[in-house]
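Tertiary structure, described
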Amino acid sequence: MIVIRIITCHYPGRQWHGGGACMYTQGLNEAASKAGAHDAAGEDSALLQRFEARIEAEEKIEPKDWMPAAYRQTLIRQISQHAHSEIVGMLPEGNWITRAPSLLRKSILIAKVQDEGGHGAYLYGAAETLGVSRAELIDQLLAGQAKYSSIFNYPTPTWADIGAIGWLVDGAAIMNQIPLCRCSYGPYARAMIRICREESFHQRQGYDIMLKLARGSGEQRRMAQDALDRWWWPSLMMFGPSDTASQHTAQSVRWKIKRFTNDELRQKFVDFTVPQAKFLGLNVPDSELRWDAAAAQHRFGPIDWNEFQQVLKGHGPCNRERLAARRAAHEQGRWVREAASAYAARHAAAAAAAAA
Ligand code: 3HC
């Protein structure tokens, strides 16, 4: 089944029509190019001080505001990787829409996969406010030059994997993304509020699938346990490299883009999720997992960072398949983008003629 969504986004200062060219107002273009001129000239220290004071005071930085080039670049990097993760993330679950075990499960799954497409649209929109076009970002993804979350390079061989994705992957996403609602960049923070609401529904539907399987026949319980075994460690890897290996965390925390470090969020996720696994009667596949009463935290075994690096380099179980599917979808959607652009152009011309 192909689900097509034509979305018209309205952000302050610009308009975008489903997949067509992005149209900025002149104002935003000017603001972006003025900021670029300052950046190239080595950045005005008075502007930098004002920017840092605003970050310190928890003010939101908005698209037309002056910002350091490195702040802009960090946001473009993170928001675009996030957007790519949302749309690549549609693939492992989209794979199960035709095979969901009931009409209700099918309609829930369709809604969830559509939500992920919507999240991609909000996030590409937020990235565009920083002066980069969505088409450029998509080209980077399709050329294999852009990163997206490691987690979506794993296969979904059974229905229980759909439960595990909702429970663990969306659960990890919420843990990581709730703090992003307080990110210092306004458009990203605002996009995250709605995304997090929807992710909560996704997490609950996944847990509900796991609960049904865990309370079902022996075979169903085995399916649920196998899916937990497959997804546990990759879910912990979603939070990124350990703090000692993370290149960007320290600066991103200073800029209040990230509010917690990768290890802090990973720990919160483990502490939150282990009791949920116990409630399901499933075993977390970690022989070193134990409760440390003094620290009031779970201690867990070492993560296989070699596996993480291999996935990032394109050698995960499904990297090639995912990119091939995105490239095919992009080609098959070409006529939709062209039609939406032609429609928008015709309406813009009619509006201009009426105003003249
Ligand atoms: N998968 C792929 N790449 C990853 C990664 C992961 N799980 N974790 C880290 N990386 C990459 C980083 O992007 C960075 O690459 P770059 O320098 O080439 O850009 C490099 O590894 C070093 O990592 P850092 O810790 O220094 O990078 P960050 O400070 O950016 O932290 C992050 C990584 C925690 C993922 C952060 O970017 C973040 O919070 N991003 C926003 C949330 C996001 O993108 N989540 C992805 C999942 S979305 C999702 O799950 C959808 C939902 O529907 C389920």
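Predicted model, so just to flag it, every value in this text is computed and none were measured.

About the cut-offs
- Residues numbered from 1 in each chain as written.
- Predicted model: local features only at pLDDT ≥ 70, side-chain atom pairs only at ≥ 80, totals over all residues.
- Heavy atoms only, no water.
- Helix = DSSP H or I, 4+ residues; strand = E, 2+ residues; numbered from the N terminus.
- Buried < 20%, exposed > 50% of the residue type's maximum accessible area, 1.4 Å probe, protein only.
- Near = heavy atom within 4 Å.
- Polar contact = N/O pair within 3.5 Å; in protein donor to acceptor, adjacent residues only side chain to side chain.
- Areas by Shrake-Rupley, 256 points an atom, 1.4 Å probe, with all protein chains shown as cover.
- 1 Å grid on protein atoms, 1.4 Å probe; cavity = no way out; pocket = protein on both sides within 12 Å on 5 of 7 lines; lining within 4 Å.
- Sits in = over half its atoms within 2 Å of the grid points.
- Points joined across faces, edges and corners; volume = space filled by probe spheres on them.
- Nonpolar A, V, L, I, M, F, W, Y, C, P; charged D, E, K, R; others polar.

1. What to know about unusual backbone geometry
Peptide bonds are trans in most cases, and residues, glycine excluded, mostly fall at negative phi. The backbone of K256 sits at a positive phi, close to 60°, despite the residue not being glycine. Along the chain, K256 falls in the loop between α10 (249-254) and α11 (262-280). Here K256 falls in the buried class, since its relative accessible area comes to 15%. Even without being a glycine, A296 presents a positive backbone phi close to 55°. Assignment of secondary structure puts A296 in the loop between β4 (290-292) and β5 (297-299).

2. Points about the site of the ligand
Looking at the ligand, there are 33 residues lining it, with Q81, E116, K147, H248 and K258 nearest. One of the side-chain nitrogen or oxygen atoms of E86 is found 3.2 Å away from an oxygen atom of the ligand. Within the contact set of the ligand, a nitrogen atom lies 3.4 Å away from a backbone nitrogen or oxygen of M237. In the complex, 92% of the free accessible area of the ligand, which totals 1,000 Å², lies under the protein chains. With respect to the pocket detection grid, the ligand is positioned in the second largest pocket. Among the secondary structure elements, those contributing two or more residues to the shell around the ligand are α3 (69-88), α7 (159-177), α8 (186-214) and α12 (305-315).

3. Side note on the layout of surface pockets
One number sums up the size of the second largest pocket: a volume of about 1,100 Å³. Along the wall of the second largest pocket there are 45 residues; nearest its centre are Q81, S149, M238, F239 and G240. Elements with a contribution of two residues or more to the lining of the second largest pocket: α3, α5 (103-128), α7, α8, α11 and α12. Here the lining of the second largest pocket gets seven residues from one element, more than from any other, and that element is α7. Considering only residue class, the lining of the second largest pocket consists of 19 nonpolar, 16 polar and ten charged.

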